[in-house]
Amino acid sequence: MANSIDSVLNKYKSGKREDLIPLLQEIQENMGYLSEEAIVKTGNFLGLSTTKIYGLATFYDRFRFIPAGKIQIRICNGTSCFLNGSQSIINKIKEELGILPGQTTRNGNFSYEIVSCMGGCCNGPVINVNGQYHTHIKSEQIPELIKRLKYVLEND
Ligand code: FES
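Cut-offs applied
- Residues numbered from 1 in each chain as written.
- Predicted model: local features only at pLDDT ≥ 70, side-chain atom pairs only at ≥ 80, totals over all residues.
- Heavy atoms only, no water.
- Salt bridge = Lys/Arg side-chain N within 4 Å of Asp/Glu carboxyl O.
- Helix = DSSP H or I, 4+ residues; strand = E, 2+ residues; numbered from the N terminus.
- Buried < 20%, exposed > 50% of the residue type's maximum accessible area, 1.4 Å probe, protein only.
- Expected span 1.5 Å × (residues − 1).
- Arc of directions from axis to C-beta.
- Contact = heavy atoms within 4.5 Å.
- Pairing = 2+ DSSP bridges.
- 1 Å grid on protein atoms, 1.4 Å probe; cavity = no way out; pocket = protein on both sides within 12 Å on 5 of 7 lines; lining within 4 Å.
- Points joined across faces, edges and corners; volume = space filled by probe spheres on them.
- Nonpolar A, V, L, I, M, F, W, Y, C, P; charged D, E, K, R; others polar.
- Axes fitted to C-alpha atoms, helices over the stretch in contact; angles between N-to-C directions.
- Left-handed = near helix turned anticlockwise from the far one by under 90°.

A.B. asks: Can you walk me through the pattern of salt bridges in this structure?
C.D. replies: Any two side chains of opposite charge can pair, so long as their charged atoms come close to each other. Under the defined criterion, the tally for this structure stands at six salt bridges. Residue arginine 74 pairs with glutamate 113 through a salt bridge whose shortest N-O separation is 3.5 Å. With a gap of 39 residues between them, arginine 74 in strand 1 (residues 71-76) and glutamate 113 in strand 2 (residues 110-115) connect regions that are remote in the sequence. Judged by relative accessible area, arginine 74 falls into the partly exposed class, the value being 29%.

Below, the structure written as structure tokens:
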């Protein structure tokens, strides 16, 4: 873990604060989330306080501070999916998992996030489950989908 943080930091110039966002983004791509260690190291590297980094990073909803679940669901809420009912999908997933976007269930199994256009607008609402797309999804299908995913996890 520490090595991946260092290898990302090594690509940047120390003290160059305008690199903060791309740098955090790259760490997150490598590690899946921004750990406390990553924030502290980045702060030392750029000469920024951890409070300042947390403040800036929480402003962007693409950053997560806890590891994602084993199953990660991305729900498109771009204009087209929104018009096709993505909000009801979001509400159903929230209800089924009992967590908010960006959170992870206590058993570490599920997390979800709301994203903008995934490039499949005519097939919306679109969701992505661990890299696999589900199109024309309806909120009534969500409980069954979650049930199936739980079954897969239990029998893995
Ligand atoms: S708006 Fe959802 S895929 Fe484009």
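A.B. asks: Please explain helix 6 (residues 86-97) as it appears in this structure.
C.D. replies: Because each turn of an α-helix spans 3.6 residues, side chains separated by three or four positions in sequence point in the same direction. In this model, helix 6 (twelve residues) spans 17 Å end to end at C-alpha, consistent with the 16 Å of a helix rising 1.5 Å per residue. Of all the residues in helix 6, the buried ones are Ser86, Ile89, Ile90, Ile93 and Leu97. End-on, the buried residues of helix 6 take up no more than an arc of 100°, which puts them together on one face. Close packing links the buried residues of helix 6 with strand 1, helix 5 (79-83), strand 2, strand 3 (127-129) and helix 7 (142-154). Of the residues one or two after helix 6, glycine 98 is the one with positive phi, at around 70°.

A.B. asks: Would you mind going over the pairing of strand 1 with me for this structure?
C.D. replies: For a regular strand, the rule is simple: side chains alternate between the two faces of the sheet. One ladder, built from six bridges, connects strand 1 with strand 2; its direction is parallel. In the strand pairing of strand 2, glutamine 72 is matched with serine 111. One ladder, built from three bridges, connects strand 1 with strand 3; its direction is antiparallel. Residue pairing in the sheet places isoleucine 73 in a bridge with valine 129 of strand 3.

A.B. asks: Would you mind going over the side chain of aspartate 19 with me for this structure?
C.D. replies: Take aspartate 19: it is sitting in the loop between helix 1 (2-9) and helix 2 (20-31). On the basis of relative accessibility, which here comes to 13%, the residue aspartate 19 falls in the buried class. Those residues in contact with aspartate 19 that sit more than four places away from it in its chain are Tyr12 and Lys13.

A.B. asks: It is not clear to me how the layout of surface pockets should be interpreted in this structure. Could you clarify?
C.D. replies: Leftover empty space is mapped by rolling, across the atoms, a probe with the size of a water molecule. The space that makes up the largest pocket amounts to roughly 460 Å³. Lining the largest pocket we find 18 residues, and of these Gln28, Asp61, Arg62, Phe63 and Glu113 sit closest to its centre. Counting residues per element, the ones that place at least two in the lining of the largest pocket are helix 2, strand 1 and strand 2. Here the lining of the largest pocket gets four residues from one element, more than from any other, and that element is strand 2. Of the residues assigned to the lining of the largest pocket, the class counts are seven nonpolar, five polar and six charged.

A.B. asks: It is not clear to me how the packing of helix 2 against helix 3 (residues 36-46) should be interpreted in this structure. Could you clarify?
C.D. replies: When two helices pack together, their arrangement is given by the angle between the helix axes and the distance between those axes. Running from amino to carboxyl end, helix 2 crosses helix 3 at an angle of 145°, the nearest separation of the two axes being 11 Å. At the point where helix 2 passes helix 3, the crossing takes the right-handed sense. Between helix 2 and helix 3, the residues in contact are Leu20, Leu23, Leu24 and Ile27 and Ala38, Thr42, Phe45 and Leu46, respectively.

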